[in-house]
Amino acid sequence: MEFLQEKEKRMQFLCSYGVFVINGMLALSIGSLLPFIRDARGLDYAFCGLIVSLHSVGNLISSFVAGALPVVIGRKKSILLFNAFFALSYLLIIFGNSNLCIALAFCMTGLARGATSNFCNTTINNLAPGKAWIINGLHAMFSVGAFAFPILLTVLTAGNAGDWVYACYFMLVMGILSWILYYILPVENDKLEKTDKGSNFAFFREPLFYLCTLTLFFYLCAEQGVIGWMVTYFKDSGLLDASLSQITASVLWIMILAGRLTTAWLSTKVPKERLLLVMGVGIVLFFFLLLFSRSTPWIVFGIMGFGYSMAGIYPTTVSFSGGIIQKYPLAWSFILTLASIGSIVMPSIIGKIAETAGIFYGMSSIVAVVLIDLACIIGLVVYISKEKGAC
């Protein structure tokens, strides 16, 4: 824990972890609120897929811009600018009365989420470069917020489905709180220095950059596809009732939390590449179980296994790219931006298929994604193993 000995670094650590709890709530609110917004506004599947994708568009834009903008205005001003979209988005959801307002609000949630992911991952990686347990710990905090929001929403809507709007007021307060946390956060090297352009982009010659980016791309396809559509899928297919459908999101994130804590612990004892391979196999097997089961116990077991298996894929992959991120200031922005395209494309694909062929076939498209992601993981593991053997 040497990196936490200084007071300023401890503050960076605690604030980053705290903000990531709120970011988890923000991320899960998209899928959890979607059925309520859809019913209240009379939206079709295609438009729902579009607005979930717009969340990811915002995520992509801010993931890149929030990594480059600090060169001009500084890291702190950059994150304060983008995080302001958090509270603004929920003001639009609450008071906006048109589809354009809803679309803009979902895009704003992505702008806030992406900037937070970029800022916190970079901050924590700089505190402990390449340490998988500390990155897994950060993403465990994301999971805490992620499983808490659907439970809150279920409690609020138990007596009246129209009370979903109070969850939006709660998120408005959380948006203001996250902005305050960033305001008091001490920031080292606030204004990033411009360096030689060629050396800035030398990571494009690194095979590890492409392997990590592809692994994260297809992982985010699967993650955003499941998170964005799972509640709607179970509710509209009739496999689970409305309240139980909401609880599935919390079950998923409870298991993701357990998986990230487990991965954080195991990564200090077991080679990271071995853990990543096991998780890759797990998401394939358990997604098949989740999708094709027709009884509640097996569906819940599939959700639990899928959440537990997917838990450590993102942070462990990020930890493999830690050296590149530290060496090249713009590398993380490019990794996150390119990978985030997956989370933009997939929800719209699912929505389009669901509109024409049904929600089951829309969700079935994720099968191809998890299989390709497993292939990318195998490629990454083989590369890392060869690099270790060459050392």
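Look above for the structure.
Residues numbered from 1 in each chain as written. Predicted model: local features only at pLDDT ≥ 70, side-chain atom pairs only at ≥ 80, totals over all residues. Heavy atoms only, no water.

Novice: Before we move on, can you summarise the overall build of the protein chain with the specific residues and values?
Specialist: For the protein chain, the helix and strand inventory stands at 17 helices and zero strands. For 391 residues, the compact-globule formula gives about 21 Å, and the C-alpha radius of gyration of the protein chain, at 20 Å, lands near that figure. Projecting the C-alpha coordinates of the protein chain onto the three principal axes gives extents of approximately 55 × 40 × 35 Å. The buried share among the 391 residues of the protein chain stands at 58%. For the protein chain, the proportion of contacts with a sequence separation of at least 24, taken over those separated by at least 6, is 83%. Carbon and sulfur atoms make up 69% of the accessible area of the protein chain, which amounts to about 15,100 Å² in all. Between the mean site of the 24 positive side-chain charges and the mean site of the 18 negative ones, the protein chain shows a separation of 4 Å. (Helix = DSSP H or I, 4+ residues; strand = E, 2+ residues; numbered from the N terminus. Rg over C-alpha atoms; globule rule 2.2 N^0.38 Å. Buried < 20%, exposed > 50% of the residue type's maximum accessible area, 1.4 Å probe, protein only. Contact = heavy atoms within 4.5 Å. Areas by Shrake-Rupley, 256 points an atom, 1.4 Å probe, with all protein chains shown as cover. Lys, Arg positive; Asp, Glu negative; His and termini not counted. Charge placed at Lys NZ, Arg CZ, Asp CG, Glu CD.)

Novice: Give a description of the nonpolar core that names residues and reports values.
Specialist: Among the nonpolar cores identified, the biggest contains 129 residues, and Tyr-90, Leu-252, Trp-253, Phe-306 and Ile-366 are the most heavily contacted of them. If you tally residues by element for this core, the top one is helix H9 (residues 207-237), at 17 residues. If we skip the residues at most four places from it in the chain, Phe-306 touches Val-226, Leu-252, Ile-283, Phe-286, Phe-287, Leu-290 and Val-370. (Core = buried A, V, L, I, M, F, W, Y, C linked by side-chain atoms within 4.5 Å.)

Novice: I'd like to hear about H9, residue by residue, with values.
Specialist: With 31 residues, H9 ought to run about 45 Å at 1.5 Å a step, and its terminal C-alpha atoms sit 43 Å apart, in line with that. The largest bend in H9 is about 50°, located at Trp-229. Of all the 31 residues making up H9, 24 are buried; the element is thus mostly covered by neighbouring parts of the structure. A positive phi of about 80° marks Gly-238, the residue just after H9. (Expected span 1.5 Å × (residues − 1). Bend = angle between axes of the 7 residues up to and from the residue.)

Novice: Describe the pattern of salt bridges, listing the residues and the values that go with them.
Specialist: Side chains that differ in charge, positive against negative, can pair when their charged atoms come close. One pass over the full model with this rule turns up four salt bridges. For Asp-236, the salt bridge goes to Arg-38, with nearest N and O atoms at 3.3 Å. Residue Asp-236 is found in helix H9, and its partner Arg-38 is found in helix H1 (residues 7-41); the two are separated by 198 residues along the sequence. Looking at Asp-236, the relative accessible area reads 28%, which means it is partly exposed. Here Arg-38 falls in the buried class, since its relative accessible area comes to 18%. Of the charged contacts, one joins Lys-235 and Asp-39 as a salt bridge, the two residues approaching to 3.7 Å between their closest N and O atoms. Pair noted here: Lys-235 is in helix H9 and Asp-39 is in helix H1, with a separation of 196 residues, a long-range link. Here Lys-235 falls in the partly exposed class, since its relative accessible area comes to 28%. (Salt bridge = Lys/Arg side-chain N within 4 Å of Asp/Glu carboxyl O.)

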